[in-house]
Amino acid sequence: MARAYDAQAIEQKWQARWRDEGTFEVDNDDPRPPFYALCMYPYPSGAAHQGHVRNYTFGDLVTRYQRMQGKAVLSPLGFDSFGLPAENAAIRTGTHPRAFTDARIAELKNSLVRLGAVYDWRREVRSHDPSYIHWNQVIFLRFLEAGLAYRANAPVNWCPGCQTVLANEQVLADGTCERSGDQVVTRDLEQWFFRITRYADELLDALDALEWPERVKVMQRNWIGRSEGAEMDLAVVGHPGRILTVFTTRPDTTFGMTYAVMAPEHPLVDELTTDECRPAVEELRQRVATESEIQRMSSAEAGPALEKRGAFTGSYVVNPFSGAEVPLYVADYVLMRYGTGAIMAVPAEDQRDWVFAKLHDLPVVRTVEPPPGWEEQGGEAYAGDGRKINSGFLDGLGIAEAKEKAIEHLETRGIGRRTVNYRLRDWLVSRQRFWGCPIPIVHCPDHGPVPVPEDQLPVLAPTDVEFLPTGQSPLAHHEGFLHTTCPVCGKPATRETDTMDTFVDSSWYFLRFCDPFDADEPVEPGAALRWMPVDQYIGGIEHAILHLMYARFYTRALIDVGLAPDDLPREPFRRLFTQGMIRMDGSKMSKSKGNLIAPSRYYETVGADALRLFHLFVGPPADDFDWTDQTDEVIEGCARFLDRLWRLVEGAGPEGGQGGPLAAGAAGGRAPSRTGGRTAEDDAVRRATHRTVEQVTGDIERWSYNTAVAHCMELANLLRGYARTDPHAQVLGEGCDALLQLLAPMAPHLTCELWERRHGSRLEDQRWPSFDPALVVEETVTMVVQVNGKVRDRLDVPATIGEEEARAAALASERVVAALGGVEPTRVVVRAPRLVNVVTA
RNA sequence: GCCCGGAUGGCGGAAUCGGUAGACGCGGAGGCCUCAAAAGCCUUUGCCCGCAAGGGCGUGCGGGUUCGAGUCCCGCUCCGGGCACCA
């Protein structure tokens, strides 16, 4: 494809200038109003893929646009450089993870530079930088002091093949390890946790005020899973003084409790199981113990037969409202980690209990009157609202009132209390891996886990390690690293060999960017107060829950332990935009799927500007996009547009409009030289220019980049036609300038080059164009005339036309008269100046 | 199962407040330029009937509200995503 200009030469020229001049570096004392634009901390997987290109094109557009709006824009970038792939590569090839990772970072950085994405690279942070590790460890120890970090025994996903704990995301739906394929089992291990649950309410409540996509907020609300209800203490028959505490969100249904259930791991199972029931209960507990939680959760369909899922203990508990003695079961559908690990079962109002009750022939007592016909239609558990029945002092009430009254009753009698439960669990941060931030703890035989003193931080992993495919972290076998002395007593002790979850690194990097040079503290208060919160955060929907939740938690925790200023906003990301995925043949385009289309091949042909424009133009930024066989043609269409833009602007000549030689291929062949008074057509072009400025500004503000590009194309098309006539030099020049300014954040290299050729000045220093409100109102509009709702005529009328004139003009139309066929209108709806509807019926 | 999205020409998409459906681009057709091609430029392009003028149909399906519905309401179908024993 023959190009009008040399994209590669121009792109290299401007990229070099931006780098050498530090054009987009920003100092913390910059007097302009601050704007913090941030793309999510990328994992350095090598050269950028199209998903990166899309993400960084959006981010770069925001940066450049806000800068043109007169803001001091902080646009930093760093690398989430810890993680498993580097370690796997080390095992496979013998390369040290650091060398592997640094090479990948260089590649990714290079492909972002070639995209024309601009950052203040002085602020670059990498997770594996010793200084970042240092502050990560300081933060960990402060969390520990504040009780926000703690060590506990916990059931975890353990892969016997890999000899390591897995994150939930690494366990597939069938309960196998995504890497080795081994069946993952649940194991109890001593692990480090962060107490994110302390912030559950705040993290939930603060969501309302965030300018985030609603679906992300919904996902976070579900993840936190706050549910309000009551705990109640059940007396156990034949075990005086023994109580079984259950949690319910439906205390109003207590009269309908016809049995109770404990989780298989419940501490009272042994004591409350009678000898004749013990074999069945034991069998159940054995099975559950060897299953991972994921398997257990899916056992409803794939697991053992339903009736095997529960077993009678032989004991009975007392229904606290009715006094009835009801059987106590153990069943795998009750989870130890949620609530109290035991439930009262109300089959009439809970579908799970219903299914279980039917299988075990347990009675059903309805406490809410179902709607008429419910039973006849085969209705099972009824969870909807209705009048209370069979419920003694609650009879006749609605559910909400009955709940309140039931809780009061429990509290008055001292056998229960109002309780809130959360689905959210504390964050397990231990990882049995090498390529992560070491946890700065020493285990002393006498003093237990002891923090490494702050003046001995950072604890760095040794470099002389061997990577073997044993699945074990090399740290656990490195004698030099492992053996140390106890900071308290000086006796021999061993280091903690676990590292931190890599989500730790991405939980506060945005705070470090504010002043990454500060050697005294992780977060420099003045800088953080100046830049935070992030004004626009951009990333993938896949981080909707974990990363965004952890970052929200970290920001609060850092403030509360005194590592960030008290008056720092507690929400780190004011506005969030989640971009759509790029798919190919129905699945996500990704390295692991092997369906990447490398951006470099477009840099080398159509250029980065064309690729950027394509990603902006192809559809709404929030929507997924399918990469197909036709995609290359669309990219070429974008390149063609840029070619035409080049010819148009070059043809318009330099500033002043004295007419330069028209570039080869430009239609018309005549330089615009007319000045002085303007014709009606000149004015129409001016109006179109100003209207386009208005439209594109609005488009960009509401993330409608595809229409922003379309509106620019429209103006360019108009100007090309105008340039072929006898254009007014200033009018054409104004149109071209506006177009270059509007496109500057989208196709920066080309527009900077054209601007420099036209004006000899720098487009990066220009302000975003403004429009004259008087010029965006149209003089004449097309008025649609309908007869009974069908369009019969279109009339050009003055925009200021009055209702009566519009009516008269419409009724005078020949086409309208013909369509009426002599029938008298019964009504004429006039919406001047756009529409008249003549109604006969 | 529950909770969100979405469905518009051959394709990606546009229509910001209930008022011209299909902006912009891709693809297609025809033409100019050329010995020829590529590139570029111009015209045209929702579907159907018609030589034309013109007419009819048309935003997943069925109803409704309205002078007027892609847009609002009710009931479905299909597709995509999230959650899924959380008591």
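What you see is a predicted model; the values in this text were computed from it and never measured.

Basis of the calculations
- Residues numbered from 1 in each chain as written.
- Chains lettered and ligands numbered in written order.
- Predicted model: local features only at pLDDT ≥ 70, side-chain atom pairs only at ≥ 80, totals over all residues.
- Heavy atoms only, no water.
- Pairing = 2+ DSSP bridges.
- Helix = DSSP H or I, 4+ residues; strand = E, 2+ residues; numbered from the N terminus.
- Axes fitted to C-alpha atoms, helices over the stretch in contact; angles between N-to-C directions.
- Contact = heavy atoms within 4.5 Å.
- Near = heavy atom within 4 Å.
- Polar contact = N/O pair within 3.5 Å; in protein donor to acceptor, adjacent residues only side chain to side chain.
- Nonpolar A, V, L, I, M, F, W, Y, C, P; charged D, E, K, R; others polar.
- Expected span 1.5 Å × (residues − 1).
- Buried < 20%, exposed > 50% of the residue type's maximum accessible area, 1.4 Å probe, protein only.
- 1 Å grid on protein atoms, 1.4 Å probe; cavity = no way out; pocket = protein on both sides within 12 Å on 5 of 7 lines; lining within 4 Å.
- Points joined across faces, edges and corners; volume = space filled by probe spheres on them.
- pLDDT = per-residue confidence, 0-100.
- Right-handed = clockwise from strand over helix to strand, strands pointing away.
- Phe/Tyr/Trp six-rings, centres within 6.5 Å; stacked < 30°, edge-to-face > 60°.
- Lys NZ or Arg CZ within 6 Å of the ring centre and 35° of its normal.
- Parallel < 35°, antiparallel > 145°, perpendicular 65-115°, else oblique.
- Left-handed = near helix turned anticlockwise from the far one by under 90°.
- Salt bridge = Lys/Arg side-chain N within 4 Å of Asp/Glu carboxyl O.

Peer 1: Mind showing me how you'd approach the sheet that holds strand β28 (residues 835-839) here?
Peer 2: Across a sheet, paired strands are connected by hydrogen bonds in the backbone, their directions being either parallel or antiparallel. Spatial strand order, β26-β25-β28-β27: 4 strands in an open sheet with mixed pairing. Strands at the two margins of the open sheet, each flanked by one partner only, are β26 (790-798) and β27 (827-831). Between one strand axis and the next, the sheet turns through 15° on average, direction left out of account. Of the pairings in the sheet, the one linking β27 to β28 comprises 5 bridges and is antiparallel in character. Residue pairing in the sheet places V828 in a bridge with V838 of β28. Contacts between helix α25 (residues 803-812) and the sheet are confined to β25 (780-787), β26, β27 and β28, with β27 contributing the most and set at about 125° to the helix.

Peer 1: Sorry, what's going on with the protein's contact with RNA strand B here?
Peer 2: Inspection of the region around RNA strand B gives 50 residues, with S227, T249, R309, Y338 and R352 positioned closest. Here, RNA strand B places atoms within 4 Å of the protein, and 63% of those atoms are sugar or phosphate. For RNA strand B, a phosphate oxygen lies 3.1 Å from a polar atom in the side chain of N706. Interatomic distance of 3.1 Å between a side-chain N/O atom of R827 and a phosphate oxygen of RNA strand B. The element best represented in the surface near RNA strand B is helix α21 (residues 705-724), accounting for 8 residues. Residues that form the surface near RNA strand B fall into these classes: 20 nonpolar, 11 polar and 19 charged.

Peer 1: Can you help me understand helix α16 (residues 546-560) in this one?
Peer 2: Each full turn of the α-helix corresponds to 3.6 residues, which orients residues three or four apart in the same direction. Taking 1.5 Å of rise per residue, the 15 residues of α16 would be expected to cover 21 Å, and the 21 Å separating its terminal C-alpha atoms lies within 8% of that figure. Here α16 lies mainly inside the structure; 14 of its 15 residues are buried. Where α16 ends, the next residue or the one after it, G562, has phi of about 85°, a positive value.

Peer 1: In this structure, what is going on with the sheet that holds strand β16 (residues 448-451)? I would like to understand it.
Peer 2: Read from one edge of the open sheet, 4 strands run β16-β15-β18-β17, paired in antiparallel fashion. Here the strands that pair on one side only, and so sit at the sheet edges, are β16 and β17 (483-485). In this sheet, adjacent strand axes meet at a mean angle of 45° when their direction is disregarded.

Peer 1: Even after reading the chapter, I still don't get the side chain of T697, so can you show me in this structure?
Peer 2: Note on placement: T697 falls in helix α20 (residues 680-701). Accessibility expressed as a relative area gives 16% for T697, which makes it buried. Leave out the neighbours within four places in its chain, and T697 touches Y65 and W768.

Peer 1: What's the story with the environment of P42 in this structure? I'm lost.
Peer 2: Among the secondary structure elements, P42 is positioned in the loop between β1 (34-39) and α2 (50-68). Put simply, P42 and L475 are 433 residues apart on the chain and 26 Å apart in space, counted from C-alpha to C-alpha. Leave out the neighbours within four places in its chain, and P42 touches Y56, L77, G78, F79, D80 and L108.

Peer 1: Any chance you could explain empty space enclosed by the protein here in plain terms?
Peer 2: Any empty space left between atoms is shown by rolling a water-sized probe over those atoms. Within the structure shown, the criterion is met by 6 cavities of 30 Å³ or more. Looking at the second largest cavity, its volume works out to about 100 Å³. If you list the elements that add at least two residues to the lining of the second largest cavity, you get α2 and α20. Among the elements that make up the lining of the second largest cavity, the one with the highest residue count is α2 (4 residues). A breakdown of the residues in the lining of the second largest cavity according to their chemical character gives 7 nonpolar, 2 polar and 2 charged.

Peer 1: Help me out: how do you make sense of the confidence of the model for chain A in this one?
Peer 2: One rule of thumb: low pLDDT means the predicted coordinates there are not for detailed reading. For chain A, mean pLDDT is 88; residues scoring 70 or higher make up 92% of the total. Overall, residues 299-305 carries pLDDT values under 50, and its contacts beyond four positions in sequence, including any with other chains, amount to 7 contacts. Note on residues 657-670: pLDDT is under 50 here. Beyond four places in sequence and across chains, it has 25 contacts. Both scores are available for the predicted complex, with the pTM at 0.91 and the ipTM at 0.95.

Peer 1: What is the right way to read the pairing of strand β21 (residues 576-579) from this model?
Peer 2: Note on strand geometry: in a regular strand, side chains alternate between the two faces of the sheet. Where burial is concerned, the two faces of β21 agree: the one with L576 and T578 and the one with F577 and Q579 are both buried. The pairing of strand β20 (residues 536-540) with β21 spans 4 bridges and is parallel. When the bridges of β21 are listed, G540 appears paired with Q579. As a crossover connection, the stretch from β20 through α16 into β21 is right-handed.

Peer 1: Sorry, what's going on with the packing of aromatic side chains here?
Peer 2: Pairs of aromatic rings are described using the distance from one ring centre to the other and the angle between the two planes. In total, this model carries 49 aromatic pairs according to the counting rule given. Ring centres of F553 and Y554 lie 6.0 Å apart, and the angle between their planes is 85°; on these two criteria the pair is classed as edge-to-face. With respect to burial, F553 and Y554 carry one shared label: buried. Feature note: the residues F140, F143, W192, F194, Y199, W427, F503, Y550, F553 and Y554 constitute an aromatic cluster, connected by ring pairs. The ring of W18 carries the charged tip of R64 above its face, separated from the ring centre by 4.3 Å.

Peer 1: When you look at the packing of α2 against helix α4 (residues 97-115) in this model, what are you seeing that I'm missing?
Peer 2: Between two packed helices, both the angle of their axes relative to each other and the distance between the axes serve to describe the pair. In contact at an axis separation of 11 Å, α2 and α4 are set at 55° when each is read in the N-to-C sense. It follows from the interaxial angle that α2 and α4 lie oblique. Classified by chirality, the crossing of α4 by α2 is right-handed. Two secondary-structure elements touch here, α2 through H52, V53, Y56 and T57 and α4 through L108, L112 and L115. In terms of residue class, the contact of α2 with α4 is made up of 5 nonpolar, 2 polar and no charged.

Peer 1: Even after reading the chapter, I still don't get helix α3 (residues 84-93), so can you show me in this structure?
Peer 2: Residues of α3 that are buried include every one of L84, A86, E87, N88, A89 and A90, and no others. Two residues or fewer after α3 comes G94, characterised by a positive phi angle close to 85°.

Peer 1: Looking at this model, I keep getting lost on the packing of helix α7 (residues 214-224) against α16. Mind explaining?
Peer 2: It is at 10 Å that the axes of α7 and α16 come closest, and there the two elements cross at 75°. In terms of orientation, α7 lies roughly perpendicular with respect to α16. Two secondary-structure elements touch here, α7 through V216, Q220, W223 and I224 and α16 through L546, L548, M549 and R552. Residues of the contact of α7 with α16, tallied by class, amount to 6 nonpolar, 1 polar and 1 charged.

Peer 1: In this structure, what is going on with the pattern of salt bridges? I would like to understand it.
Peer 2: Tallying each qualifying case throughout the model produces 61 salt bridges. The salt bridge involving R556 is made with E571; its shortest N-O contact spans 2.5 Å. On the criterion of sequence distance, the pair formed by R556 in helix α16 and E571 in the loop between α16 and β21 is long-range, its members being 15 residues apart. As far as the burial class goes, R556 and E571 line up, both buried. In this structure, R686 and E734 form a salt bridge, with 3.2 Å as the shortest nitrogen-oxygen distance. Residue R686 is found in helix α20, and its partner E734 is found in helix α22 (residues 729-743); the two are separated by 48 residues along the sequence. Within the structure, one salt-bridge network assembled from shared partners comprises K13, R17, E650, E753, E756 and R757.

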